[in-house]
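# Fold and contact review
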Amino acid sequence: MSDDRRRRFEEAYLDAYERILGYATRRCDSPEDALDVVAETFEVAWRRIDDLPPGDQARLWLYGVARNVLANQRRGNLRRHAGQAELREDIADLYARTAPPAERADLKAVGRVFRALSDDDRELLSLVAWEGLDAGEIARVLGCSRNAARIRIHRARKRLSRALAAADVETPLMSRPTRIPTGGSL
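Fair warning: this is a prediction, and the values are worked out from it, not measured in the lab.

### Observations regarding the side chain of R27
Locating R27 in the fold gives a position in the loop between α1 (3–25) and α2 (31–47). A residue is classified by how much of its surface remains accessible, and R27, at 11% relative accessible area, is buried. Engagement of the side chain of R27 in a polar contact is seen with the side chain of E123, the distance being 3.2 Å. The contact partners of R27, leaving out residues within four places of it in the chain, are L70, R74, E123, S126, L127, W130 and E131.

Below is the structure:
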């Protein structure tokens, strides 16, 4: 491998490693699974170094690779195990204890509603809320136009809002008139 290609890989690795690890950790049932996703993501980047875009685009490309690796991992897990364990509700309890009482939502109920959304809606909302990506960045991760990403995010938010209302779950954002921006945060 040429020095230039090695340097490009090392720069992408150093720039994106922690973010890709966080992305995988929030989506895997165990730290070991998350580390496997990260390792496979960077293995793909190493093998496909000529496809790795320059600069900040490399991080977004790696999110897309990690997303595909996770999808493959999930399919494999589903074949081996008939049912997947749901996200643990004690995480919601931990967050509930740290929120000021006036701003607490029934996080267990929010978690149940979130898990009931489609995989695509959960992924979109997670890319916005957990990864902090804007519509343009999400478009690059998903391989669609910026406008298509904005529309998908908007629709996913609407479905989440309707599902929360149907479950009679009031969140701090729902209790006051607030416009949720389409770019950065939930």
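Moving on, there is more to tell.
### Overview of the pattern of salt bridges
For the structure shown, the criterion picks out 13 salt bridges. When the shortest N-O distance is used, the salt bridge between D50 and R5 registers 3.1 Å. Of this pair, D50 sits in the loop between α2 and α3 (57–80) while R5 is found in helix α1, placing the two residues 45 residues apart along the sequence. Residue class for D50 comes out exposed when judged on its relative accessible area of 56%. By relative accessible area, R5 is classed as partly exposed at 27%. Between E123 and R67 there is a salt bridge; the shortest N-O distance is 3.8 Å. Taken together, the residues span a long stretch of sequence, with E123 in helix α6 (residues 119–129) and R67 in helix α3 at a distance of 56 residues. For E123, a relative accessible area of 10% translates into the label buried. What you see here is one network of salt bridges that share partners, running through R26, R27, R67, E123 and E131.

### Quick notes on the packing of aromatic side chains
Throughout the structure, instances matching the rule amount to eight aromatic pairs. Between F9 and F42, the aromatic rings sit 6.3 Å apart at their centres with planes inclined by 90 degrees, giving edge-to-face as the arrangement. Of the two residues, F9 is situated in helix α1 and F42 in helix α2; the sequence distance between them amounts to 33 residues. Each member of the aromatic cluster is reached from another via a ring pair, and the members are F9, Y13, Y17, F42 and W46. The cationic tip of R27 hangs over the ring face of Y23; the distance from NZ or CZ to the ring centre is 3.8 Å.

### As for the confidence of the model for the protein
With 75% of its residues at a pLDDT of 70 or more, the protein has an overall mean of 81. Of all the helices and strands in the protein, helix α9 (residues 172–175) carries the lowest mean pLDDT, 51, while α2 carries the highest, 95. Predicted confidence for residues 174–186 stays below pLDDT 50, and this span has 27 contacts to residues more than four positions away or in other chains.

### Quick look at α1
Under the 1.5 Å per step criterion, the end-to-end length of α1 is 31 Å for 23 residues, consistent within 8% with the ideal 33 Å. Maximal helix bending in α1 amounts to about 50 degrees, located at A16. Where α1 is concerned, the buried positions are F9, A12, A16, I20, G22, Y23 and A24.

### Description of the nonpolar core
Counting residues in hydrophobic clusters, the biggest one holds 45 residues, and the most contacted among them are I20, L62 and I138. If you tally residues by element for this core, the top one is α3, at nine residues.

### Here we look at the side chain of E131
One can find E131 in the loop between α6 and α7 (135–142). Residue class for E131 comes out buried when judged on its relative accessible area of 12%. Here the side chain of E131 touches R27 through a polar contact of 2.8 Å, side chain to side chain. Those residues in contact with E131, other than ones at most four positions away along the chain, are R19, Y23, R26, R27, Y63 and S126.

Procedures and definitions
- Sequence order as written defines residue numbering, which begins from 1 separately in each chain.
- With the structure being a predicted model, the display of local features is reserved for residues of pLDDT at least 70 and the display and counting of side-chain atom pairs for 80 or more, all residues being used for whole-chain, interface and lining totals.
- Remark: hydrogens and water are excluded; side-chain values derive from all non-hydrogen atoms of the structure.
- A run of H or I in DSSP becomes a helix once it reaches four residues, and a run of E becomes a strand once it reaches two; helices and strands are each numbered from the N terminus.
- Only protein chains enter the calculation, and the probe is 1.4 Å; a residue is then buried if its accessible area is under 20% of its type maximum, exposed if over 50%, and partly exposed in between.
- The definition of a polar contact used here is a pair of N or O atoms within 3.5 Å, where within protein one atom must be able to donate a hydrogen and the other to accept one, and adjacent residues in sequence count solely through side-chain atom pairs.
- Any pair of residues with heavy atoms lying within 4.5 Å of one another is described as a contacting pair.
- By definition here, a salt bridge exists when the distance from a side-chain nitrogen of Lys or Arg to a carboxyl oxygen of Asp or Glu is within 4 Å.
- Aromatic pairs are defined between Phe, Tyr and Trp rings, using the six-membered ring for Trp, whenever the two ring centres lie within 6.5 Å; interplanar angles under 30 degrees are classed as stacked, those over 60 as edge-to-face, and all others as tilted.
- When the NZ atom of lysine or the CZ atom of arginine is within 6 Å of a ring's centre and also within 35 degrees of its normal, the charge is said to sit over that ring.
- What pLDDT reports is the predictor's confidence in each residue, on a scale of 0 through 100.
- Working rule for helices: expected span equals 1.5 Å times residues minus one.
- Two axes are fitted around each residue, one to the seven residues ending there and one to the seven starting there, and the angle between them is reported as the bend at that residue.
- By nonpolar core is meant a set of buried Ala, Val, Leu, Ile, Met, Phe, Trp, Tyr and Cys residues that side-chain atoms within 4.5 Å join together.

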